[in-house]
Amino acid sequence: MIGILSLSAVALLLIGLLLFLLRRSEATLSSDLSPLGSDDELSNAYESFEACCGELLDRMFGPDDWDFVLNCAPKQVQRLFLSERKELARYWLCQVRSRAKTAMRIHVAHARNSDKLEPFLELRLAIDYLMVRAKCELVAAVLSLRGPMALRKMIKQADGLSDQLTALLALVSKADALPSHTRVRR
Amino acid sequence: MLEPSEQPSPIIVEEALRDLRNRTLARLDGDFAKLVYLASTRDYNTGRYVHDGLSFRFSEPIVERALAAAHREVFASLAVSPLRTFVAQVEQYIRSGCARPDELVTTWNSSEAYRVLAPAADHPLTVRLFMSNVKVALAIVKATLVEHPRSQDPQSSLQLPSPGR
């Protein structure tokens, strides 16, 4: 009986925490609405993001560099390498989060002034945004608990996160009917 | 740094780039030395690239374009190269470019002179990866220098560039 009660308490606590995080995320999103983000900001967000991913992520989280350090460098350098890669992974995650947030901020600003909203597109955008955020939290949790080298087993997750963000940015650009030069080519 | 109205012809920029590769960069030993050289042609106050040799044959905007392109090219190739290759390049630069390699490693670690090596407009994550790899490479080279110190030819140190020179 005590076990069930404590499990329920933990479950309630987790639900409460989740609701708090969701509300906080929404509050941050709406507080970020002014000044209005520009289309150029969105365009720059995905152009620079697309340019950096793929090869760079392979290099950062792939096994080659760690295997080299593990075989050729003393323990002290191995520790330095791990701490450097952890910092890089944190920075990358921060970029993904901030770009997703910028995209949504710009989209919400556009949507407020639009009289032709498509409910399904809006729903898909919201789900995609939440998925990107959730995946970011998952990668951040793995990074904190198991270190940067655990991410090499999650390279597909990391790549998937980039793809998901690119898709989100493309969807935002479609929803906001941006000029053709700012759209994502996929 | 160029105004949009004064865009130089891509063909002439390509010619200047070829000239730069064949006459200047080809003499430098390794990509890291090339990067250090190219970064040193940039004025830290204005961000403009200057090259006296190229300026004899080409106009200022063309020289600037060619140097910036070469800088981005060498940087991009080094930044995403495997750490093994990166460390080899840094070690080659340190061993051939300085009479006292240990002194160079210590100075670079304390002053972080390598921070000026990245082109201005490059992607922040690529720049961070590069800086991080330099730190790790310096630590590996330092450990190697303790194990296998090699004698240096003092003359060679006069031929390679250094950041800020």
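Just so it is clear, the structure is predicted and the values come from calculations on it, not from any experiment. (Residues numbered from 1 in each chain as written. Chains lettered and ligands numbered in written order. Predicted model: local features only at pLDDT ≥ 70, side-chain atom pairs only at ≥ 80, totals over all residues.)

Observations regarding the overall build of chain A
Then, number 1: In terms of regular secondary structure, chain A is built from 7 helices and 0 strands.
Then, number 2: With 186 residues in all, chain A has 23% of them scored as buried. (Helix = DSSP H or I, 4+ residues; strand = E, 2+ residues; numbered from the N terminus. Buried ≥ 20, exposed ≤ 12 C-beta atoms within 10 Å, placed from the backbone.)

What to know about the overall build of chain B
Then, number 1: The secondary structure content of chain B amounts to 7 helices and 0 strands.
Then, number 2: When the helices and strands of chain B are read in sequence order from the N terminus, they spell out α-α-α-α-α-α-α.
Then, number 3: Here chain B holds 165 residues, and the buried ones make up 39% of them.
Then, number 4: By sequence separation, contacts in chain B at least 24 residues apart represent 80% of the contacts at least 6 residues apart. (Contact = placed C-beta atoms within 7 Å.)

Remarks on helix α5 (residues 83–97) of chain B
Residue and element names in this part refer to chain B.
Then, number 1: In this model α5 runs 20 Å from its N-terminal to its C-terminal C-alpha over 15 residues, within 8% of the 21 Å that 1.5 Å per residue would give.
Then, number 2: Inspection of α5 places Leu83, Phe86, Val87, Gln89, Val90, Tyr93, Ile94 and Gly97 among the buried residues, and these make up the whole buried set. All buried residues of α5 lie within an arc of 160° about the axis, which places them on one face of the element. (Expected span 1.5 Å × (residues − 1). Arc of directions from axis to C-beta.)

Some details on the packing of α5(B) against helix α7 (residues 124–147) of chain B
Residues and elements named next belong to chain B.
Then, number 1: Between α5 and α7, the shortest axis-to-axis distance is 9 Å and the interhelical angle comes to 60°. Between α5 and α7, the angle is such that the two are oblique. Crossing hand, α5 versus α7: right-handed. Mapping the contact onto sequence places Leu83, Phe86, Val87, Val90, Glu91 and Ile94 in α5 and Asn133, Val134, Val136, Ala137, Leu138, Ile140, Val141 and Thr144 in α7.
Then, number 2: Among the residues forming the contact of α5 with α7, the class breakdown is 11 nonpolar, 2 polar and 1 charged. (Axes fitted to C-alpha atoms, helices over the stretch in contact; angles between N-to-C directions. Parallel < 35°, antiparallel > 145°, perpendicular 65-115°, else oblique. Left-handed = near helix turned anticlockwise from the far one by under 90°. Nonpolar A, V, L, I, M, F, W, Y, C, P; charged D, E, K, R; others polar.)

A short note on the interface of chain B and chain A
Then, number 1: At the interface, 15 residues of chain B touch 22 residues of chain A.
Then, number 2: Listed by contribution, the elements that provide at least two residues to the side of chain B that touches chain A are α5 and α7 of chain B.
Then, number 3: Ranked by residue count, the leading element in the side of chain B that touches chain A is α7(B), at 10 residues.
Then, number 4: Classifying every residue of the side of chain B that touches chain A gives 9 nonpolar, 3 polar and 3 charged.

Some words on the nonpolar core
Then, number 1: Counting 72 residues, the largest nonpolar core has B:Ala16, B:Leu35, B:Ala66, B:Val90 and B:Ala137 as its most contacted members.
Then, number 2: Structurally, this core is a two-domain feature, drawing no fewer than three residues from each of domain 1 (9–79) and domain 2 (83–149) of chain B. (Core = buried A, V, L, I, M, F, W, Y, C linked by C-beta atoms within 7 Å. Domains from an automatic or database assignment.)

Observations regarding the environment of A:Met60
Then, number 1: Here A:Met60 shows up in helix α3 (residues 55–61).
Then, number 2: When the C-alpha positions of A:Met60 and A:Trp92 are compared, they lie 10.0 Å apart, and in sequence the two are 32 residues distant.
Then, number 3: If near-sequence neighbours (up to four positions away) are discounted, A:Met60 is found in contact with A:Arg85, A:Leu88, A:Ala89 and B:Leu129.

Here we look at the confidence of the model for chain A
All names here are of chain A.
Then, number 1: Chain-level statistics for chain A give a pLDDT mean of 73 and a share of 66% at 70 or above.
Then, number 2: Per-element averaging of pLDDT across chain A places helix α2 (residues 39–52) at the bottom with 52 and helix α4 (residues 63–72) at the top with 90.
Then, number 3: pLDDT under 50 marks residues 25–37. Its contacts with residues more than four places away, or in other chains, come to 16 contacts.
Then, number 4: Taken together, the stretch residues 178–186 has pLDDT below 50 and engages in 14 contacts with residues farther than four places along the chain or on a different chain. (pLDDT = per-residue confidence, 0-100.)

Re the domain arrangement of chain B
Residues and elements named next belong to chain B.
Then, number 1: Considered domain by domain, chain B is made up of domain 1 (9–79) and domain 2 (83–149).
Then, number 2: On a C-alpha basis, the centroid separation for the pair domain 1 and domain 2 is 21 Å.
Then, number 3: Across the boundary between the two partners, domain 1 contributes 16 residues, which contact 16 residues of domain 2.
Then, number 4: Per-class residue counts for the side of domain 1 that touches domain 2 are 10 nonpolar, 3 polar and 3 charged.

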